[in-house]
Amino acid sequence: EAAVTQSPRNKVTVTGGNVTLSCRQTNSHNYMYWYRQDTGHGLRLIHYSYGAGNLQIGDVPDGYKATRTTQEDFFLLLELASPSQTSLYFCASSDEGEQYFGPGTRLTVL
Amino acid sequence: GDQVEQSPSALSLHEGTDSALRCNFTTTMRSVQWFRQNSRGSLISLFYLASGTKENGRLKSAFDSKERRYSTLHIRDAQLEDSGTYFCAAETQVVGQLTFGSGTRLQVYA
């Protein structure tokens, strides 16, 4: 069974704070993705990666950095968090086909 | 511009009735995935289609194999537990990039 886990599941920070969201997949997939979902909307792609050390820009990358340290681990970094980044964040993995999603991280920036 | 147009945006169904959701794409897509999101935010994958149709219990999905410009999700004999927000997401010609629709909020009532 495909497995994508995220941590933390909930996070509250203040404006200007530094936040790292973590994602781990045990599917041996090459592709990993970070999405954000704002209330009442679909998911939007922030960054994605083809493999360890690779990083690609998605549709809404401003204010975010990402790093893929291993095939399993993909991190999303918010170095100066702003209230506009309050959102539900999803990680996913795939191998040129179906994407498997994690449970999400709810981030609130006060 | 928007590449995935999902309809209807909201739907209310009486238990036991049938309905269909639709996603139109402004360009040819490689594949489509359908999801249901519950009130807690969890994203459940329903179908992944690169072509043709798939069926799972009371749910059936189809992806236009000829022009690859639309997909449908049929719900048969709607039950209370089918309530939630349904999203389609289509993979563009860039491998791995999913574009989500805005969702259909479905409420099934007794």
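Refer to the structure printed above.
Residues numbered from 1 in each chain as written. Chains lettered and ligands numbered in written order. Predicted model: local features only at pLDDT ≥ 70, side-chain atom pairs only at ≥ 80, totals over all residues. Heavy atoms only, no water.

**Q** Looking at this structure, how should I read the nonpolar core?
**A** Proteins that are soluble and globular tend to have nonpolar side chains buried together. V4, F25, V32, W34, L46, L73 and Y86 of chain B are the most contacted members of the largest nonpolar core, which has 21 residues in total. Among the elements of the structure, β3 (19-25), β4 (31-37), β5 (43-49), β7 (59-63), β8 (70-75), β9 (84-91) and β11 (104-109) of chain B are those that each provide at least two residues to this core. Apart from the residues lying within four places of it in its own chain, the contact partners of V4 of chain B are C23, N24, F25, M29, C88, A90, T99, F100 and G101 of chain B. Grouped together as the second largest cluster of nonpolar side chains are 18 residues, V60, L78, C91 and L107 of chain A included. (Core = buried A, V, L, I, M, F, W, Y, C linked by side-chain atoms within 4.5 Å. Buried < 20%, exposed > 50% of the residue type's maximum accessible area, 1.4 Å probe, protein only. Helix = DSSP H or I, 4+ residues; strand = E, 2+ residues; numbered from the N terminus. Contact = heavy atoms within 4.5 Å.)

**Q** Can you help me understand the interface of chain A and chain B in this one?
**A** Bring the parts together and some accessible area is lost; that lost area is often taken as the interface size. In this complex, chain A contributes 19 residues to the contact, which on the side of chain B involves 17 residues. When the area that chain A buries against chain B is broken down by residue, the three leading residues are L43, E98 and F101 of chain A, summing to 27%. In this structure, the connection of chain A to chain B is made through zero salt bridges. Where chain A meets chain B, there are five residue pairs in polar contact (both at pLDDT 80 or more). Taken together, the elements giving at least two residues each to the side of chain A that touches chain B come down to β4 (31-37), β5 (43-49) and β9 (87-94) of chain A. Here the side of chain A that touches chain B gets four residues from one element, more than from any other, and that element is β4 of chain A. In the side of chain A that touches chain B, the residues fall into nine nonpolar, six polar and four charged. (Buried area = accessible area lost by both parts, 1.4 Å probe. Salt bridge = Lys/Arg side-chain N within 4 Å of Asp/Glu carboxyl O. Polar contact = N/O pair within 3.5 Å; in protein donor to acceptor, adjacent residues only side chain to side chain. Nonpolar A, V, L, I, M, F, W, Y, C, P; charged D, E, K, R; others polar.)

**Q** Help me out: how do you make sense of the state of the cysteines in this one?
**A** Taken as a whole and assessed by the stated rule, the structure comprises two disulfides over all chains. A sulfur-sulfur separation of 1.8 Å characterises the disulfide bridge that pairs C23 of chain A with C91 of chain A. Judged by the torsion about the S-S bond (-75 degrees), the C23 of chain A/C91 of chain A disulfide is left-handed. Taken together, the residues C23 of chain A in strand β3 (residues 19-25) and C91 of chain A in strand β9 connect sequence positions 68 residues apart. Residue C23 of chain A is classed as buried on the basis of its relative accessible area, which comes to 2%. Among the residues examined, C91 of chain A registers a relative accessible area of 0% and is labelled buried. Across the disulfide from C23 of chain B sits C88 of chain B; the S-S distance is 1.8 Å. Looking along the S-S bond of the C23 of chain B-C88 of chain B disulfide, the torsion reads about -100 degrees, which is the left-handed sense. Pair noted here: C23 of chain B is in strand β3 and C88 of chain B is in strand β9, with a separation of 65 residues, a long-range link. (Disulfide = S-S within 2.5 Å.)

**Q** Whenever I open this one, a nonpolar patch on the surface confuses me. Can you help?
**A** Side chains of V12, V14 and L110 of chain A sit close together on the surface and give an oily, nonpolar patch of about 310 Å² of accessible area. Structurally, the position occupied by V14 of chain A is in the loop between β2 (10-13) and β3. (Patch = residues over 30% accessible without salt bridge, like charges linked within 9 Å, V, L, I, M, F, W, Y side chains within 5 Å. Areas by Shrake-Rupley, 256 points an atom, 1.4 Å probe, with all protein chains shown as cover.)

**Q** Would you explain the side chain of Q25 of chain A in this entry?
**A** Residue and element names in this part refer to chain A. Assignment of secondary structure puts Q25 in strand β3. A distance of 3.0 Å separates a polar side-chain atom of Q25 from the backbone nitrogen of N27. There is a polar contact of 2.9 Å between the side chain of Q25 and the backbone oxygen of Q71. Once residues within four sequence positions are removed from consideration, Q25 is found in contact with A3, V4, M32, R68, Q71, E72 and S93.

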